[in-house]
Amino acid sequence: MTSSRAVTPLPDLPDDFDPTWLPDLASRALGGGVVGANDEFFAAADNLLNPYPPGYAPSTFGAKGQVYDGWETRRRRQPGSDHVIVRLGAPGVVRAVLIDTAYFTGNYPPYAAVDGCDLAGYPGPAELAAAQWTPLTPRTALAGDAQVVVAVDAPARQTHVRLTIFPDGGVARLRVYGEPVPDPTMLTEVLDLAAVEHGARVEACSDRFYGSPQQMLLPGPARTMGEGWETARRRDDGNDWVQVRLCASGVIEFVELDTSHFKGNAPAAARLRGVDASVADSADPAGWSDLLSTTALQPDTRHRFRLDRPRPATHVRLDIFPDGGMARLRCYGRLTATGAADLARRHHT
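What you see is a predicted model; the values in this text were computed from it and never measured.

Cut-off values and rules
- Residues numbered from 1 in each chain as written.
- Predicted model: local features only at pLDDT ≥ 70, side-chain atom pairs only at ≥ 80, totals over all residues.
- Heavy atoms only, no water.
- Helix = DSSP H or I, 4+ residues; strand = E, 2+ residues; numbered from the N terminus.
- Rg over C-alpha atoms; globule rule 2.2 N^0.38 Å.
- Buried < 20%, exposed > 50% of the residue type's maximum accessible area, 1.4 Å probe, protein only.
- Contact = heavy atoms within 4.5 Å.
- Areas by Shrake-Rupley, 256 points an atom, 1.4 Å probe, with all protein chains shown as cover.
- Lys, Arg positive; Asp, Glu negative; His and termini not counted.
- Charge placed at Lys NZ, Arg CZ, Asp CG, Glu CD.
- Salt bridge = Lys/Arg side-chain N within 4 Å of Asp/Glu carboxyl O.
- Arc of directions from axis to C-beta.
- Phe/Tyr/Trp six-rings, centres within 6.5 Å; stacked < 30°, edge-to-face > 60°.
- Lys NZ or Arg CZ within 6 Å of the ring centre and 35° of its normal.
- Pairing = 2+ DSSP bridges.
- Core = buried A, V, L, I, M, F, W, Y, C linked by side-chain atoms within 4.5 Å.
- Polar contact = N/O pair within 3.5 Å; in protein donor to acceptor, adjacent residues only side chain to side chain.

**Student:** Give me the overall build of the protein: which residues, what numbers.
**Tutor:** Helix and strand content of the protein: 2 helices and 23 strands. On C-alpha atoms alone, the protein measures out to a radius of gyration of 21 Å, which is about the 20 Å that the 2.2 N^0.38 rule sets for 349 residues. Along the first, second and third principal axes, the C-alpha atoms of the protein reach 70 × 45 × 35 Å. Put simply, the protein has 349 residues, and 50% of those count as buried. For the protein, contacts bridging at least 24 residues in sequence account for 80% of all contacts bridging at least 6. Accessible area of the protein: about 15900 Å², with a carbon and sulfur share of 51%. For the protein, the centre of its 35 positive side-chain charges and the centre of its 42 negative side-chain charges are spaced 3 Å apart.

**Student:** Kindly report on the side chain of Arg 201, identifying the contributing residues and their values.
**Tutor:** Mapped onto the elements of the fold, Arg 201 is located in strand β15 (residues 201-205). Of the buried charged residues, Arg 201 lacks a salt bridge, with Glu 179 as the closest side chain of opposite charge at 4.1 Å. Dropping the residues within four chain positions of it, Arg 201 is found in contact with Leu 22, Pro 23, Glu 179, Gln 214, Leu 217, Gln 243, Val 244 and Arg 245.

**Student:** How would you summarise the pattern of salt bridges if you had to cite specific residues and measurements?
**Tutor:** A complete count under the given rule lists 20 salt bridges for this structure. Where Asp 192 meets Arg 330, a salt bridge forms, and the shortest distance between an N and an O atom there is 3.8 Å. Linking Asp 192 in strand β14 (residues 191-192) with Arg 330 in strand β23 (residues 328-335), this pair joins segments that are 138 residues apart in sequence. A salt bridge links Arg 317 to Asp 319, with the shortest nitrogen-to-oxygen separation between them at 3.0 Å. Here Arg 317 falls in the partly exposed class, since its relative accessible area comes to 24%.

**Student:** Hey, could you go over helix α2 (residues 337-347) for me, with residue numbers and the actual values?
**Tutor:** Within α2, burial applies to Gly 339, Leu 343, Arg 346 and His 347. Projected down its long axis, α2 shows its buried positions confined to an angular sector of 100°, all on one face. Residues of α2 that are exposed and point more than 90 degrees away from the buried face comprise Ala 337, Thr 338 and Arg 345. Lining the buried residues of α2 we find β13 (173-180), β17 (240-258) and β23.

**Student:** Can you explain the packing of aromatic side chains? Please cite residues and give values.
**Tutor:** Inspection of every chain in the model, using the stated rule, returns 4 aromatic pairs. Look at Tyr 68 and Phe 104: their rings are 4.5 Å apart centre to centre, the planes differ by 20°, and that puts the pair in the stacked class. Highlighted residues: Tyr 68 in the loop between β4 (65-66) and β5 (71-72) and Phe 104 in the loop between β6 (82-100) and β7 (111-117), separated in sequence by 36 residues. Summarising the burial analysis for this pair, Tyr 68 and Phe 104 share the class buried. In this structure, Arg 139 packs its charged tip against the face of Tyr 111, placed 4.9 Å from the ring centre. The ring of Phe 166 has Arg 139 lying over it, and the distance from NZ or CZ to the ring centre is 4.3 Å.

**Student:** An account of the pairing of strand β10 (residues 147-151) is needed here, citing residue identities and associated values.
**Tutor:** Burial runs high along β10: 4 of the 5 residues are buried. Two strands pair when backbone bridges link them, and β6 and β10 are joined in this way by 5 bridges, in the antiparallel orientation. When the sheet's bridge partners are listed, Val 97 is paired in β10 with Val 150.

**Student:** Hey, could you go over the pairing of β6 for me, with residue numbers and the actual values?
**Tutor:** Among the 19 residues in β6, 14 count as buried, and that is most of the element. Where strand β2 (residues 33-37) meets β6, 4 bridges bridge the pair, whose relative direction is antiparallel. Looking at the pairing, Gly 33 lines up with Arg 87 of β6. With 7 bridges joining them, β6 and strand β11 (residues 158-166) adopt antiparallel strand pairing. Paired with Arg 87 across the two strands is His 160, which belongs to β11.

**Student:** Report on the nonpolar core, specifying residues and quantitative values.
**Tutor:** Judged by nonpolar contacts, the single largest core of 63 residues is most densely connected at Leu 163, Ile 252 and Leu 257. Excluding its chain neighbours within four sequence positions, the residues that come into contact with Ile 252 are Leu 193, Leu 246, Leu 291, Leu 307, Pro 310, Arg 311, Val 316, Cys 331, Tyr 332 and Gly 333.

**Student:** So what's going on with the side chain of Arg 157? Which residues, and what values?
**Tutor:** Along the chain, Arg 157 turns up in the loop between β10 and β11. Take Arg 157: its relative accessible area is 11%, and that puts it in the buried class. Of the polar contacts made by the side chain of Arg 157, one reaches the side chain of Asp 118; its length is 3.4 Å. Polar contacts involving the side chain of Arg 157 include one to the main-chain carbonyl oxygen of Val 181, which spans 2.7 Å.

**Student:** Could you give me a rundown of unusual backbone geometry, with the residues and numbers involved?
**Tutor:** Among all residues except glycine, the phi angle is most often negative; among peptide bonds, the trans geometry is most common. Here Phe 166 and Pro 167 are connected by a cis peptide whose omega angle stands at -10°. Along the chain, Pro 167 falls in the loop between β11 and β12 (170-171). The linkage connecting Phe 321 with the following residue, Pro 322, adopts the cis geometry, with an omega of -15°. For Pro 322, the position within the fold is in the loop between β21 (312-321) and β22 (325-326). The residue Tyr 103 is not glycine, and still its phi comes out positive at about 70°. Tracing the backbone shows Tyr 103 in the loop between β6 and β7. On the accessibility criterion, Tyr 103 (13% relative accessible area) is buried. Although it is not a glycine, Asp 145 sits at a positive phi angle of roughly 50°. Checked against the element boundaries, Asp 145 lands in the loop between β9 (140-141) and β10.

Function-wise, these values are silent; they only describe arrangement.
Okay, here's the thing in structure tokens:
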């Protein structure tokens, strides 16, 4: 069996809508997990959050039938629906969800809906069952062996989402794309301003042929070359770059440029620039200034640099020369008063 992997956006989404520019708030790489499901008879709900694409091996039968890389419930013999509750690894504002029924053809759910809630601490299944849930998506028609992307217009912060399928069936993956909104009381004085779990995200880049630049902002070290950002080989005189919106305005004191696992394809050099969007237009190159001047890099090395001239920034741009791969980007510093106030406002919106 083959998978078309077609993406079917709803009519209210623009033709060029690409949610993958946003972090997946439910990703296991950020600490997302399944809190509970009412039924997972044929396949475990934990599979929904696997960070890799769904797979399928025909005629692989276990005690309960064909083995699926996804969540599958038993056939309902009475009215109702099935659901799974997911704790977001990075609580935040949800902008889109992706429901993937890869390889589920005669057993996919005809419809699905997603709700969200915001609860403090680490609630268990009983507390979540009693929570006040807010609809994030309408009841949406699904297709077999396909991806459906649904835009979300809910400005409030969410800590958990609930996927409900009508009436039963199998879903391979659930992605929850959005903007992380951290709890400011949990942030230490010195923090990674470029961490996706703190609210930073990639806004633009020159190329993401082999790996998404969002991966550079994930917590923990990259385990393989595939968990970093890598560009195609350049055949011109230019260079590749990525622009990151920091979690809030802050003064960067030292940076980490990690080329771990990139050996024959590490950049020869890199430069980091910054801009404070409160005083300069981030779209105007004249407003940017060097935080780290062009510096030679080594393959498979975690480079750390203390900045000579720390200054407030809301955005940074990493230029690599001429191309290659970067496993992680860290920008350690302190929030400005404006940045701290902005995080507090977003958390309580």
